[in-house]
Amino acid sequence: MERTFIAIKPDGVQRGLAGEIISRFENKGFTLVGLKLMQVSKELAETHYAVHKERPFFAGLVEFITSGPVVAMVLEGDGVIAAARKLIGATNPLTAEPGTIRGDFGANIGRNIIHGSDAPETAQQEIALWFTEAELASWTPTLMPWIHE
């Protein structure tokens, strides 16, 4: 089974959207295998956003993700990375489709509610960065045969 990393950013947590967002992934049939509420350290934020280090918006990304609690999670399922990206919607909430998380809840590109891994390699790196192996639960929901072949 494929796994992906998802983070509900401080704006999503502060607005009380965590339950709604988690429900969207569960309702789609994905299994939650890791979940925690945490305050992101500057070091973790800088490592997570390292790919943007030379970009002018890097400092703003770090400042925002460390500004309040974040809900970090790992989801598992067939095609979960691509499907999660579709559920999340375009990076800019102003162009995100209605029905997506960002399209329904996002205010602007700087306050876009959620992060999701964009590829299998990125997912592996992000999961390892945000979770220890002991924090991940491998389990099979009893309803799995009703969702997946």
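Before reading on, note that the structure itself is shown above.
Residues numbered from 1 in each chain as written. Predicted model: local features only at pLDDT ≥ 70, side-chain atom pairs only at ≥ 80, totals over all residues. Heavy atoms only, no water.

Enquirer: So what about the side chain of Thr31? Which residues, and what values?
Expert: Mapped onto the elements, Thr31 comes out in strand β2 (residues 31–39). Residue Thr31 is classed as buried on the basis of its relative accessible area of 4%. When sequence neighbours within four positions are dropped, the list of residues in contact with Thr31 reads Val74, Leu75, Glu76, Trp139, Pro141 and Met144. (Helix = DSSP H or I, 4+ residues; strand = E, 2+ residues; numbered from the N terminus. Buried < 20%, exposed > 50% of the residue type's maximum accessible area, 1.4 Å probe, protein only. Contact = heavy atoms within 4.5 Å.)

Enquirer: Break down the layout of surface pockets for me, citing the residues and quoting the values.
Expert: Volume-wise, the largest pocket comes out at about 580 Å³. Residue lining of the largest pocket: 23 residues in total, with Lys9, Tyr49, His52, Leu61 and Thr91 positioned closest to the centre. At the level of secondary structure, the elements contributing two or more residues to the lining of the largest pocket comprise α4 (58–65), β4 (114–116) and α7 (120–130). Looking at the lining of the largest pocket residue by residue, the class counts come to seven nonpolar, 10 polar and six charged. Considering the residues around the second largest pocket, the lining is formed by Glu2, Arg3, Ile81, Pro120, Ala123, Gln124, Ile127, Ala128, Phe131, Thr132, Glu133 and Leu136. (1 Å grid on protein atoms, 1.4 Å probe; cavity = no way out; pocket = protein on both sides within 12 Å on 5 of 7 lines; lining within 4 Å. Points joined across faces, edges and corners; volume = space filled by probe spheres on them. Nonpolar A, V, L, I, M, F, W, Y, C, P; charged D, E, K, R; others polar.)

Enquirer: Describe helix α5 (residues 80–88), and please don't skip the residues or the numbers.
Expert: Here α5 has its buried residues at Val80, Ile81, Ala83, Ala84, Leu87 and Ile88. For α5, the angular spread of the buried residues around the axis is 165 degrees, confining them to a single face. Projecting away from the buried face of α5 at angles above 90 degrees are the exposed residues Ala82 and Lys86. Residues of α5 that are buried in the fold lie against β1 (2–8), α2 (18–28), β3 (69–77), α6 (101–105), β4 and α7. Gly89 lies just past α5 and shows a positive phi near 95 degrees. (Arc of directions from axis to C-beta.)

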